[in-house]
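Structural features, examined
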Amino acid sequence: MSYVGPDFETSESRRPRRGPLTVALAALVPGALLGWLVYEAVGGTGGGSGSSAGAVGAAASASAPASPTTPTRDDDKASVSAKPTLAPSVSTPAARSGSGSLKGGLTGKVIVIDPGHNPGNFQHTAAINRTVDIGTNSKECDTTGTATNSGYEEAKFTLDVAQRMRTLLQRQGATVKLTQDGDRPYGPCVDERARLGNQAHADAVVSIHADGSAAGNRGFHVILPGGVHAGAADTRTIVAPSRELGERVAGNFVRVTGTAPSNYIGDGSGLVTRTDLGGLNLSTVPKVFIECGNMRDSTDAALLTSGAWRQKAAQGISEGIVSFLRG
Ligand SMILES: [Zn+2]
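What comes next is a walk through the structure. Bear in mind that the values here come from a model prediction, so they are computed numbers and not experimental data. (Residues numbered from 1 in each chain as written. Predicted model: local features only at pLDDT ≥ 70, side-chain atom pairs only at ≥ 80, totals over all residues. Heavy atoms only, no water.)

Topic: the pattern of salt bridges
- Inspection of the entire model under this criterion finds 15 salt bridges.
- Between Asp142 and Arg193 there is a salt bridge, and its shortest N-O distance comes to 2.8 Å. Highlighted residues: Asp142 in the loop between β3 (138-140) and α6 (154-171) and Arg193 in helix α7 (residues 190-199), separated in sequence by 51 residues.
- In this structure, Arg248 and Glu244 form a salt bridge, with 2.8 Å as the shortest nitrogen-oxygen distance. Of this pair, Arg248 and Glu244 both sit in helix α8 (residues 239-257), 4 residues apart, roughly one helical turn.
- Arg248 sits in the buried class, given a relative accessible area of 5%.
- One network of salt bridges, in which partners are shared, links Asp114, Asp142 and Arg193. (Salt bridge = Lys/Arg side-chain N within 4 Å of Asp/Glu carboxyl O. Helix = DSSP H or I, 4+ residues; strand = E, 2+ residues; numbered from the N terminus. Buried < 20%, exposed > 50% of the residue type's maximum accessible area, 1.4 Å probe, protein only.)

Remarks on the state of the cysteines
- On inspection of all chains with the given rule, the structure shows 1 disulfide.
- In this model, Cys141 is linked to Cys189 through a disulfide, with the two sulfur atoms separated by 2.2 Å. In this structure the cystine formed by Cys141 and Cys189 twists about its S-S bond by roughly -90°; its chirality is therefore left-handed. You can see Cys141 sitting in the loop between β3 and α6 and its partner Cys189 sitting in the loop between β4 (175-178) and α7, a full 48 residues away along the chain.
- The class of Cys189 is buried, set by a relative accessible area of 7%. (Disulfide = S-S within 2.5 Å.)

Here's the deal with helix α11 (residues 307-326)
- Along its 20 residues, α11 runs 28 Å from first to last C-alpha, staying within 8% of the 28 Å computed at 1.5 Å per residue.
- Where burial is concerned, most of α11 is hidden: 17 out of the 20 residues are buried. (Expected span 1.5 Å × (residues − 1).)

Describing the environment of Ser269
- Residue placement: Ser269 occurs in the loop between α8 and β9 (271-274).
- For Ser269, a relative accessible area of 5% translates into the label buried.
- Between the alpha carbons of Ser269 and Phe220 there is a distance of 9.9 Å; along the sequence they are 49 residues apart.
- Looking at Ser269, its side chain comes within polar contact range of the main-chain oxygen of Gly266, at 2.7 Å. (Polar contact = N/O pair within 3.5 Å; in protein donor to acceptor, adjacent residues only side chain to side chain.)

Functional significance is not addressed by these values, which are geometric in nature.
Structure (structure tokens):
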């Protein structure tokens, strides 16, 4: 497959621009399907131990000597409440793509991007440690997030990817809002992050993260909201569309970045369902998180710290959102 690390060819060279409709079809039809083929080949074979994933894992363990990790507070590492089902439904996103080109095709659509954490959280620990009500229970307002072993912070990664996504999606006519844009000292709290998507009546919300797991753990995963109905949390109406959104994001992320689904969570599917995240529990609009890679693994960190790779990550997530919005 396309697991060639950071040196893979650019998507521009693979998909030369021809005309708007051709581009639309290339992006939405074969792209999405190819993404799924790659995705299924890697993650849908039971345990993610297929030849491609195995080779990636071997390469990772060979090039990533075990090093002690310094745990960093991150709500991304809480328990997983449910295993995802494999067998994502491949609907045909081509159905409604004939009416226009990509350019301007998202006019009227509202997308909220939530860059996880905040670079200023480290300086405002008391403020971010206060608890907020997430419906099912109480949780810290926000967390610092993790960092690579060389000190590249998750919060800087998430903001950079979010800003790149905004550029890509605005170019297609969408209204794009960020929950924070490096313009506030800390936070926002997870309940406010959810509220911002709700109040914007967003058609889709994606929260951007990178994980802080052990060295040797590699790859991305998308976190889907599980069904919760307690206090202010009621995800019953968003579980299904959020899964659809998450599957589109995962498939396009594989296709555009060439990165494999996680080898340590999600059974190779790249999809994980959780009921402990306030940002998901309090959402009333379709929303997923994506953990783009593991900052504590040196091979993943080499990708996460690369601006060229972050551009691909932004493109993959954005194309997943576009695919979802076009139905
Ligand atoms: Zn995070």
